[in-house]
Amino acid sequence: MQRRKFMKTAGVGGATAVAASAVAAPAIAQSMPEVKWRLASSFPKSLDTLYGAAESFAKYCAEVTDNKLQVRVFAAGEIVPGLQVADAVQNGTVEMGHTASYYYIGKDPTFAFDTALPFGLNARQQDAWMNWGGGRQAVNDFLKDYNIVAIPCGNTGCQMGGWFRKEIKTVDDLKGLKFRIGGFAGQVLTPLGVVPQQIAGGDIYPALEKGTIDAAEWVGPYDDQKLGFNKVAPYYYYPGWWEGGPQLSNFINLAKWNELPAIYRSVMEVASAKAHTQMLAKYDALNPKALRELVAAGTKLAAFPQPVMEASLASANKLYEETSAKNPKFKKVYDQWRQFRNEEVLWFRVAENTFDNFMARQSATNKL
């Protein structure tokens, strides 16, 4: 009898709570100011997963605030070119942008940590570093000098090594190669003879088609198929060792961020986190089908030769030492990041990699 009485009372209480929240939500929204921001994306609309993360973020901001917080998204080139988003945010041309921080290593190589460093963290490890390893604080302490605050908003997972007109068999095959490659990786490959090219996503295909470049990397099968790289370059290499877990971020003008009501800052955090998770899940879901279709259409899929991987790692380590020696800001973040990365690699060797490798072997022998 007591239990039935409790359940009856609890049911009434639950319904009352739901009704109260339904009434309270609009009342809270009505008391909030209307804010309209512009967001400049580094990506074209055709790349629905990269560009789409910003659209998802804006959608969540509007829904949670009953359209009081409105963020209008502009594709690359609509306000500023894709590689000038950080400048637009810094000088207040737009309130915020969605971009990859390592596009701006020309300003300072420390920008790379917010996205990815060659032979660095995978997607889960990047999340761990940002949220539990001091990464986000380290990044935003650095970005203060640029009037920017960053919130993680997307990750592609480990990327592919890119599309090549010719086969790569040895380190010597890299010599003279004009390679569209972003971030620190170009500097890693330069001592091996590569001529790196920094080209925005929407401009890669025509450059590869015309022979202005010999090779290009972008993201992975889903995006690469959309961009049609397989039509102009037959060899598709993996892995993209320069982007084991590249993170995208919402760059927000620091002064504008500080002006926002605390509740809107919280909404932006949550909306960014939702879009962040959604992007990685979408790529993981769509890449397998795209890769199968590319291979069926004649793409020659191959792993980078081990000597190429080892030479690239040695070049990366040397570059990090040299950069640390002359850039205190880089060294401060790198020392902390490197220790965290090495601990993560040890941990992943124990369970995660053992499981993944077992499953890969079973798949290769058709036992799954």
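Owing to the predicted nature of the structure, the values given are computational and were not obtained by experimental measurement. (Residues numbered from 1 in each chain as written. Predicted model: local features only at pLDDT ≥ 70, side-chain atom pairs only at ≥ 80, totals over all residues. Heavy atoms only, no water.)

Here the focus is empty space enclosed by the protein. All told, the structure shown has five cavities of 30 Å³ or more when counted by the stated rule. When its volume is computed, the largest cavity comes out at roughly 120 Å³. Taken together, the residues of the lining of the largest cavity break down into nine nonpolar, three polar and three charged. (1 Å grid on protein atoms, 1.4 Å probe; cavity = no way out; pocket = protein on both sides within 12 Å on 5 of 7 lines; lining within 4 Å. Points joined across faces, edges and corners; volume = space filled by probe spheres on them. Nonpolar A, V, L, I, M, F, W, Y, C, P; charged D, E, K, R; others polar.)

Further remarks concern the nonpolar core. With 107 residues, the main nonpolar core has Phe57, Trp218 and Met268 as its most contacted residues. Here this core gets nine residues from one element, more than from any other, and that element is helix H10 (residues 262-296). In this view, Met268 contacts Trp37, Phe57, Cys61, Leu69, Val71, Met96, Ile151, Ile252, Trp257 and Leu260; residues no more than four positions away in its chain are not counted. (Core = buried A, V, L, I, M, F, W, Y, C linked by side-chain atoms within 4.5 Å. Buried < 20%, exposed > 50% of the residue type's maximum accessible area, 1.4 Å probe, protein only. Helix = DSSP H or I, 4+ residues; strand = E, 2+ residues; numbered from the N terminus. Contact = heavy atoms within 4.5 Å.)

Below, the discussion takes up the environment of Tyr264. Mapped onto the elements, Tyr264 comes out in helix H10. Given the relative accessible area of 0%, Tyr264 is considered buried. Expressed as a C-alpha distance, the spacing of Tyr264 and Val35, which sit 229 residues apart in the sequence, is 9.2 Å. When sequence neighbours within four positions are dropped, the list of residues in contact with Tyr264 reads Met32, Pro33, Val35, Thr65, Lys68 and Leu69.

Right, let's get into helix H4 (residues 123-132). Of all the positions in H4, only Ala123, Gln125, Gln126, Trp129 and Met130 are classed as buried. In an axial view of H4, the angular spread of the buried residues amounts to 165°, which keeps them on one side of the axis. What points out from H4, more than 90 degrees from its buried face, is the exposed set Asn131 and Trp132. Those residues of H4 that are buried lie in contact with helix H5 (135-143), strand S4 (148-155), strand S10 (247-253), H10 and helix H12 (328-350). Taking the backbone nitrogen of Arg124 as reference, a side-chain oxygen 3.2 Å away marks Asn122 as the first, capping residue of H4. Backbone geometry just downstream of H4 places Gly134 in the positive-phi region, at approximately 85°. (Arc of directions from axis to C-beta. Polar contact = N/O pair within 3.5 Å; in protein donor to acceptor, adjacent residues only side chain to side chain.)

Our next topic: unusual backbone geometry. Backbone torsion omega between Tyr238 and Pro239 reads -5°, so that peptide bond is classified as cis. Along the chain, the position of Pro239 falls in the loop between strand S9 (235-238) and S10. Phi is positive for Asn67, which is not a glycine, with a value near 70°. Relative to the helices and strands, Asn67 is located in the loop between helix H2 (50-64) and strand S2 (69-74). In the Ramachandran plot, Asn147 falls in the positive-phi region, its phi being about 60° despite a non-glycine side chain. Of note, Asn147 is situated in the loop between H5 and S4.

It is worth spelling out the sheet that holds strand S3 (residues 96-99) at this point. Strand order in the open sheet formed by five strands is S2-S1-S3-S10-S4, with mixed pairing between adjacent strands. Pairing within the sheet leaves two strands with one partner each, and these edge strands are S2 and S4. Neighbour to neighbour, the strand axes of the sheet diverge by 25° on average, direction disregarded. Across six bridges, the pairing between S4 and S10 is antiparallel. Within S10, the position partnered with Pro152 by the bridge is Ser249. The strands touched by H10 within the sheet are strand S1 (35-41), S2, S3, S4 and S10, with S4 carrying the most contacts at an inclination of about 30°. (Pairing = 2+ DSSP bridges. Axes fitted to C-alpha atoms, helices over the stretch in contact; angles between N-to-C directions.)

All right, on to the packing of H12 against helix H13 (residues 352-364) then. Orientation of H12 relative to H13, taken along the N-to-C sense of each, is 50°, at an axis distance of 3 Å. When the interaxial angle is binned, H12 and H13 end up oblique. Between H12, through Phe348, Arg349 and Val350, and H13, the contact on the second element is made entirely by Glu352, Asn353 and Thr354. Grouping the amino acids of the contact of H12 with H13 by side-chain chemistry returns two nonpolar, two polar and two charged. (Parallel < 35°, antiparallel > 145°, perpendicular 65-115°, else oblique.)

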